[in-house]
Amino acid sequence: SLKVILAKKPEKKSALENLGEMFQGRAKTEWSLNELSDYANDHLRQRDFDQGRKLFAAAGCYACHRFNNQGGMTGPDLTTAGRRYSVRDLLDQVVNPSKVINDQFSAVKILTDDGRIHTGVIVNLGVRRDGDMIVVNTDLTDPNERVSINRNEIEQLVVSNTSPMPSGLFSRMTKEEIMDLTAYLLSGGDASHELFQSR
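It should be emphasised that the depicted structure is a prediction, and the values quoted were computed from it without experimental measurement. Counting from 1, residues in each chain are numbered in the order their sequence is written. Per-residue local features of the predicted model are confined to residues with pLDDT of at least 70, and side-chain atom pairs are confined, for both listing and counting, to 80 or more; whole-chain, interface and lining totals are unaffected and use all residues. The side-chain figures draw on all heavy atoms in the structure; neither hydrogens nor water molecules are used.

J.: Looking at this model, I keep getting lost on the packing of aromatic side chains. Mind explaining?
T.: To describe a pair of aromatic rings, one takes the distance between the centres and the angle between the planes. Stacked, tilted and edge-to-face are the three classes applied to pairs of Phe, Tyr and Trp rings, where Trp contributes its six-membered ring and a pair requires centres within 6.5 Å; stacked means planes under 30 degrees apart, edge-to-face means over 60, and tilted covers the rest. Counted by the stated rule, this structure contains 4 aromatic pairs. Judged by centre distance (5.4 Å) and plane angle (45°), the ring pair of phenylalanine 56 and phenylalanine 67 falls under tilted. With phenylalanine 56 in helix H3 (residues 49–58) and phenylalanine 67 in strand S1 (residues 66–67), the pair connects residues that are 11 residues apart, well separated along the chain. By relative accessible area, which is 1% here, phenylalanine 67 ends up buried. Taking 6.5 Å as the distance between ring centres and 55° as the angle between the ring planes, the aromatic pair formed by phenylalanine 56 and tyrosine 184 counts as tilted. Taken as a pair, phenylalanine 56 in helix H3 and tyrosine 184 in helix H6 (residues 175–186) lie far apart in primary sequence, 128 residues in all. For the exposure calls, accessible area comes from a 1.4 Å probe over protein chains only, and a residue counts as buried if that area is under 20% of its type's maximum, exposed if over 50%, partly exposed in between. A residue is classified by how much of its surface remains accessible, and phenylalanine 56, at 0% relative accessible area, is buried. Here tyrosine 184 falls in the buried class, since its relative accessible area comes to 6%. Put simply, DSSP H or I for four residues or longer makes a helix, DSSP E for two residues or longer makes a strand, and each gets a number counted from the N terminus.

Dropping the structure here:
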């Protein structure tokens, strides 16, 4: 009696297609860097870190970024973001993801001798007995979606000047939610961090 249900294939959606239900039905707001950065000057203390953690998950950040030993590896590890970025710089990375792209996480487009095109991020340069292999993650939201390409079979490799991180990740969040997420990231998830306590 369960034959039909068991035979049904699950519908596969990427993490970005599954962006948290908390954003469903919300209108988009095109936040500017100056607007968010100016607001953060006076509104980044005593934030809701539990909300920041939920927003990090709902926005699909874990799909590509590691944070406190959880998440993907196709984007920079954000655990120590507070040591690497100022508030404005972190907001700039999200508002303008293609402004500065770390070479290690640049997207590439590879054309092979047989005419196939593979797009993604190179995750491993290895050497095997059968030749030099490049491993490309072709779906940043799924670390298992990979293809191995022999370097000797590459006709063309082009590095993209567009970040693999999608733009508009803040567009369905309120200012208060963006501040919660920003404080959560810059503190390394530590709500007792002195920078985010009241003055």
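Structure's up, so let's keep going.
J.: Honestly, the packing of H3 against H6 in this entry has me stumped. Any pointers?
T.: Think of two packed helices as two axes; the pair is described by the angle between the axes and how far apart they sit. Lines fitted to the C-alpha atoms define the axes, with helices restricted to the stretch that makes contact. Angles between their N-to-C directions range from 0 to 180 degrees. With their axes 8 Å apart at the nearest point, H3 and H6 run at an angle of 95° to one another. In terms of orientation, H3 lies roughly perpendicular with respect to H6. Where H3 approaches H6, its residues Phe49, Gln51, Gly52, Arg53, Leu55 and Phe56 are matched on the opposing element by Glu177, Asp180, Leu181, Ala183, Tyr184 and Leu185. In this classification, the charged set is Asp, Glu, Lys and Arg, the nonpolar set is Ala, Val, Leu, Ile, Met, Phe, Trp, Tyr, Cys and Pro, and all remaining amino acids, among them Gly, are polar. Taken together, the residues of the contact of H3 with H6 break down into 7 nonpolar, 2 polar and 3 charged. Just so you know how the angles are binned, under 35 degrees is roughly parallel, over 145 roughly antiparallel, 65 to 115 roughly perpendicular, and the rest oblique. It only takes one pair of heavy atoms within 4.5 Å for two residues to be counted as in contact.

J.: Help me understand the nonpolar core in this model?
T.: Soluble globular proteins: nonpolar side chains tend toward being buried together. Side-chain atoms within 4.5 Å are what join buried Ala, Val, Leu, Ile, Met, Phe, Trp, Tyr and Cys residues into a set we call a nonpolar core. Phe56, Leu91, Phe170, Met173, Ile178, Leu181 and Leu185 are the most contacted members of the largest nonpolar core, which has 28 residues in total. Ignoring any residue separated from it by four or fewer positions in sequence, one finds isoleucine 178 in contact with Trp31, Leu36, Leu91, Phe170 and Met173. Val108, Val136, Ile149 and Ile154 belong to the second-largest nonpolar core, a separate cluster that totals 6 residues.

J.: I tried to follow H3 on my own but got confused; where do I start?
T.: Note that an α-helix has 3.6 residues per turn; residues three or four places apart therefore point the same way. Within the sequence span of H3, burial applies to Phe49, Gly52, Leu55, Phe56 and Ala58. In this structure, the buried residues of H3 make contact with S1 and H6. Capping the start of H3 is the job of one residue whose side-chain oxygen sits 3.2 Å from the backbone nitrogen of aspartate 50: aspartate 48. Remark: glycine 60 follows H3 within two positions and exhibits a positive phi of approximately 80°. Polar contact criterion, stated in full: a pair of N or O atoms within 3.5 Å, where within protein one must be able to donate a hydrogen and the other to accept it, and residues adjacent in sequence count only if both atoms are side-chain atoms.

J.: What is the right way to read the layout of surface pockets from this model?
T.: Gaps between atoms show up when a probe of the same size as a water molecule is rolled over them. Both site types are read off a 1 Å grid over the protein atoms alone. A 1.4 Å probe that fits but cannot get out defines a cavity, while an open set with protein on both sides within 12 Å along at least five of seven lines defines a pocket; lining residues have an atom within 4 Å of a point. Grid points are joined across faces, edges and corners, and a volume is the space filled by probe spheres set on the points. The computed volume of the largest pocket comes to approximately 650 Å³. Examining the composition of the lining of the largest pocket, we find that 4 residues originate from one element, helix H5 (residues 87–95), more than from any other. Here the residues of the lining of the largest pocket are counted per class, giving 24 nonpolar, 9 polar and 2 charged.

J.: In this structure, what is going on with the pattern of salt bridges? I would like to understand it.
T.: Two side chains bearing opposite charge may form a pair once their charged atoms approach each other closely. Just to be clear on terms, a salt bridge is a Lys or Arg side-chain nitrogen sitting within 4 Å of an Asp or Glu carboxyl oxygen. One pass over the structure, following the stated rule, counts 9 salt bridges. Residues glutamate 176 and arginine 47 are paired through a salt bridge, measuring 2.8 Å at the closest nitrogen-oxygen approach. With glutamate 176 in helix H6 and arginine 47 in the loop between helix H2 (33–43) and H3, this residue pair connects regions lying 129 residues apart in the sequence. For glutamate 176, a relative accessible area of 33% corresponds to the partly exposed category. Residue classification places arginine 47 among the buried positions, given a relative accessible area of 16%. Between lysine 54 and aspartate 50 there is a salt bridge, with the nearest N and O atoms lying 3.3 Å from each other. Of this pair, lysine 54 and aspartate 50 both sit in helix H3, 4 residues apart, roughly one helical turn. We classify aspartate 50 as partly exposed; its relative accessible area is 38%. The network of salt bridges with common partners includes Arg47, Glu176 and Asp180.

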